[in-house]
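Each chain, written out:
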Amino acid sequence: MYSLPGGVGEDQTMSDVAFIGLGTMGRGMVRNLLRAGHTVTAWNRTRRPLPAELDKVAQADSIAAAVRGKPVVFVCVTGPDAQRAVYDEALLHCLGLDVLVIDSTTTDPAESVRIAQAVAERTSRYLDAPVFGSKSEAWDRCCAIWRRRCITSAPAAPARR
Ligand SMILES: NC(=O)c1ccc[n+]([C@@H]2O[C@H](COP(=O)([O-])OP(=O)(O)OC[C@H]3O[C@@H](n4cnc5c(N)ncnc54)[C@H](OP(=O)(O)O)[C@@H]3O)[C@@H](O)[C@H]2O)c1
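Residues numbered from 1 in each chain as written. Predicted model: local features only at pLDDT ≥ 70, side-chain atom pairs only at ≥ 80, totals over all residues.

**Points about the sheet that holds strand 6 (residues 125–128)**
Overall, mixed pairing links the seven strands, which are arranged 3-2-1-4-5-6-9 in an open sheet. A single partner strand is all that each edge strand has here, and the edge strands are strand 3 (58–59) and strand 9 (152–153). Of the strand pairs in this sheet, strand 2 (residues 39–43) and strand 3 are connected by two bridges, and their pairing is parallel. The residue bridging Ala42 from the neighbouring strand is Gln59, located in strand 3. Sheet strands in contact with helix 1 (residues 24–35) are strand 1 (16–20), strand 2 and strand 4 (72–75), and its direction is about 160 degrees off that of strand 2. (Pairing = 2+ DSSP bridges. Helix = DSSP H or I, 4+ residues; strand = E, 2+ residues; numbered from the N terminus. Contact = placed C-beta atoms within 7 Å. Axes fitted to C-alpha atoms, helices over the stretch in contact; angles between N-to-C directions.)

This is the structure:
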């Protein structure tokens with residue numbers, strides 16, 4: 001269970017989450033979210049069949065549909081260009097109040113800062129959480145997050161939760 005200051009802690013389950021980007025790493029992370037008991041609604045740019053272990057994932061037709069009502073949104077896409085497509089064309093327009101966005105894309109720090117600020121302006125919170133490890137580590141719950149590089153943001157005013 002994640003525990004972040006002022007965020008989703010042990011007393012606040014994040015059972016219903018959205019996941020944007022079902023690539024190599026995203027699929028592994030989703031597998032482990034399912035194994036941990038979370039309900040996952042996912043969106044991937046290209047709809048394709050998922051492995052049997054991910055058959056409980058609900059595949060949404062749009063980012064807006066995937067994130068609607070979810071307190072936590074994970075993003076794991078190729079890099080800054082893909083992030084711009086995800087955030088600027090969709091996610092920033094449909095983000096609800098006080099959502100925690102956890103982004104595991106490896107990206108340009110300046111892009112992370114820009115996104116973090118944009119998310120905070122929409123009264124939500126952002127955690128830049130790039131991972132190291134590879135496909136097998138993601139699949140087997142052994143991915144680690146580059147803590148020293150994490151960029152976070154939160155709204156200036158306290159959010160509701
Ligand atoms: N693979 C590794 O060993 C590894 C290790 C550490 C960190 N990482 C990092 O983790 C991140 C994900 O890597 P990955 O290996 O999972 O990559 P991947 O298998 O190539 O998957 C990339 C994902 O990004 C999506 N995407 C790309 N362009 C997009 C766009 N314009 N709009 C929306 N979605 C878009 C792809 O959707 P489509 O399916 O439609 O193409 C796919 O879901 C990267 O930042 C990578 O550097 C990877």
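**Observations regarding the environment of Ile145**
As for its placement among the helices and strands, Ile145 is situated in strand 8 (residues 144–145). For Ile145, the contacting residues outside a window of four places in its chain are Ala129, Pro130 and Val131.

**A word on the site of the ligand**
Around the ligand, the surrounding shell holds 23 residues, and the nearest of these are Gly23, Arg45, Thr46, Ala82 and Thr106. Taken together, the elements giving at least two residues each to the shell around the ligand come down to helix 1, helix 3 (80–94) and strand 7 (131–132). For the shell around the ligand, the per-class residue count stands at nine nonpolar, twelve polar and two charged. (Near = placed C-beta within 6 Å. Nonpolar A, V, L, I, M, F, W, Y, C, P; charged D, E, K, R; others polar.)

**Points about the packing of helix 3 against helix 4 (residues 109–121)**
Relative to each other, helix 3 and helix 4 sit at 10 degrees, their axes nearing to 11 Å. For the element pair helix 3 / helix 4, the angle class is roughly parallel. Residue-level inspection shows Pro80, Gln83, Tyr87 and Leu92 of helix 3 in contact with helix 4, the latter providing Glu111, Ile115 and Ala118. Partitioning the contact of helix 3 with helix 4 into residue classes produces five nonpolar, one polar and one charged. (Parallel < 35°, antiparallel > 145°, perpendicular 65-115°, else oblique.)

**A word on the pairing of strand 5 (residues 100–103)**
Side chains Leu100 and Ile102 of strand 5 all project onto a buried face; the interleaved residues Val101 and Asp103 project onto the opposite face, where all are buried too. In this structure, strand 4 lies alongside strand 5, joined through four bridges in parallel fashion. Across the sheet, residue Val75 finds its bridge partner in strand 5, namely Asp103. In this fold, the crossover linking strand 4 to strand 5 by way of helix 3 has right-handed handedness. Looking at chain direction, strand 5 and strand 6 are connected through four bridges and run parallel. Considered in strand 6, the bridge of Asp103 is made with Asp128. Handedness of the β-α-β unit built from strand 5, helix 4 and strand 6 comes out right-handed. (Buried ≥ 20, exposed ≤ 12 C-beta atoms within 10 Å, placed from the backbone. Right-handed = clockwise from strand over helix to strand, strands pointing away.)

**Concerning helix 3**
Because each turn of an α-helix spans 3.6 residues, side chains separated by three or four positions end up pointing in the same direction. Relative to the 21 Å expected for 15 residues at 1.5 Å per residue, helix 3 spans 20 Å between its end C-alpha atoms, a close match to the ideal helical length. Along its length, helix 3 reaches its greatest deviation from straightness, about 45 degrees, at Tyr87. Among all positions of helix 3, only Gln83, Val86, Tyr87 and Leu91 are buried. Residues of helix 3 that are buried make contact with strand 1, helix 2 (63–67), strand 4 and helix 4. (Expected span 1.5 Å × (residues − 1). Bend = angle between axes of the 7 residues up to and from the residue.)

**Brief notes about the nonpolar core**
Counting residues in each nonpolar core, the largest one holds 38 residues, and the members touching the most others are Ile20, Val73 and Phe74. Apart from the residues lying within four places of it in its own chain, the contact partners of Ile20 are Trp43, Ile63, Ala66, Val73, Phe74, Val75, Val77 and Val86. (Core = buried A, V, L, I, M, F, W, Y, C linked by C-beta atoms within 7 Å.)

**What to know about the pairing of strand 4**
Burial of strand 4 is two-sided: the residues Val72 and Phe74 facing one way and the residues Val73 and Val75 facing the other way are all buried. When strand 1 meets strand 4, the two strands line up parallel, connected through four bridges. In the strand pairing of strand 4, Ile20 is matched with Val75.

In short, geometric facts, not functional conclusions.
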